[in-house]
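# Examining the three-dimensional arrangement
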Amino acid sequence: IFNNVEHLPPDALFDIKKRLSQDTRPVKVDLGIGAYRDNSGKPWVLPSVRSAESQLQKDPNFNHEYLPIAGLPSFTTGAAKTIFGDDYDSTRVISVQSISGTGALHIAAKFIEKILPGRIVYLSNPTWPNHKAIFEGQRLTTAQYPYWNASTKSLQLDGFLDTVKTAPEGSIFVLHACAHNPTGLDPSKDQWAQILDKMVEKNHIVLFDSAYQGFATGDLDRDAYAVRLGLTKLQKVAPVFVCQSFAKNVGMYGERVGCFHLVIPDQSVEINASVKASLSSQLAKIVRSEVSNPPAYGAKIVSTILNTPELNKQWHADMVTMSSRINSMRHQLRDHLVELGTPGNWDHIVGQCGMFSFTALTPEMVQRLEQNHAVYMVSSGRASIAGLNEGNVLYVAKAIDEVVRH
Ligand code: LMR
């Protein structure tokens, strides 16, 4: 019965981790999966997380009971405030805890399949590969909108806007809220306004994927700019979806802490309340059939951080620690390449933001980096800058210099 089942290739991102762990060379550099590392190359448990964990351990009421189907209310409300702002209009927002950002996208895909069938889901070209897998896994049709112009290493705004214009009315556009993965290139404020105005004209539904809030500028509120502008512009016409991950910005990678938010179009108070109740029931059914109820431990930690003023302050400072170290690594890498006289212009490394740089190295160069220098990154040329530190950045620059000249 199973003899002819296709053997699929391994996941490109997680296979990098596997190859690296099997590599016995003494010097190896992991620029693969987007996960923050400290200056000694080690995973970093945020000080705000350590404090929240010790608070939880001391709580005499702590237990491992089930959460409600929609998740821990103090967590989902705190998550909504983090992305929408403290004064968000909760009468129009339904928030459901999810298995990190991937789980939130999966809830979105199931919801679209059931409530909005037949709509095309537009993804940026390029995007995080799992986007396509998640939506197509629910039998939704995906298409691409132009995003990265490889020759200018900038946003392909005209092509992007053209696609928004020509897409069937009411299509779904997945937008990276900030710190675009893989390019590290975000629209400017003016470009966001143009993009969102066009979405309004065509009654498109915007789905913001917010996996890196805080990594673009170091400031969680500034990084919510596009989402908040989107909510204002799209308020009357269309729902907005937000898929929010706390994997990176709270460093809770393996705990899978996330939230799906559905913002309904603004009508009268009565209609809003009744639409919200119906949609909440639909989302509850999706969650119940998939995970029954979401995992509690990580959500309790994040909720403690979001709802305790001094821990929240510490978290904002932790975010600055992470984003400024990454930024300093961008500059050091660019400066070393310039000093080495590596052919090409490397300014895009410092112009990009978030965890990644789209280095413009070719797949052949990336392969040579791995084979000859044990420097691992995605074949598209995406490097997780968080994997650089004072001890390896010159080594990586010299390795890049060698493969570029080869
Ligand atoms: C990445 O793009 O490296 C991360 O989002 C990790 C993942 O789950 O793919």
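My aim in this report is to walk through the structure given alongside it, one point at a time. (Residues numbered from 1 in each chain as written. Predicted model: local features only at pLDDT ≥ 70, side-chain atom pairs only at ≥ 80, totals over all residues.)

Here we come to unusual backbone geometry. Cis geometry is adopted by the peptide bond preceding Pro126, which originates at Asn125 and carries an omega value of 5 degrees. Positionally, Pro126 belongs in the loop between strand E3 (121–125) and helix H5 (129–137). Here the bond from Asn181 into Pro182 is cis, since omega is 20 degrees, no more than 30 degrees from zero. Residue position: Pro182 is located in the loop between strand E7 (172–176) and helix H7 (189–201). Even without being a glycine, Ser100 presents a positive backbone phi close to 55 degrees. In the Ramachandran plot, Asn203 falls in the positive-phi region, its phi being about 55 degrees despite a non-glycine side chain. Of note, Asn203 is situated in the loop between H7 and strand E8 (205–210). (Helix = DSSP H or I, 4+ residues; strand = E, 2+ residues; numbered from the N terminus.)

Taken together, the neighbourhood of the ligand is formed by Leu13, Ile33, Gly34, Trp128, Asn130 and Asn181. Looking at the shell around the ligand, its residues break down into three nonpolar, three polar and no charged. When residues of the shell around the ligand are assigned to domains, at least three map to each of domain 1 (12–44 + 324–405) and domain 2 (66–307). (Near = placed C-beta within 6 Å. Nonpolar A, V, L, I, M, F, W, Y, C, P; charged D, E, K, R; others polar. Domains from an automatic or database assignment.)

Ala108, Leu207 and Val302 are the most contacted members of the largest nonpolar core, which totals 115 residues. Ranked by the residues each element gives to this core, the list is headed by helix H11 (residues 309–340), at eight residues. Looking at which domains feed residues into this core, each of domain 1 (12–44 + 324–405) and domain 2 (66–307) gives three or more. When near neighbours in sequence (up to four residues on either side) are disregarded, Leu207 contacts Ala108, Ile172, Phe173, Val174, Phe241 and Cys243. (Core = buried A, V, L, I, M, F, W, Y, C linked by C-beta atoms within 7 Å. Buried ≥ 20, exposed ≤ 12 C-beta atoms within 10 Å, placed from the backbone. Contact = placed C-beta atoms within 7 Å.)

Interpretation in functional terms is not warranted from these geometric data alone.
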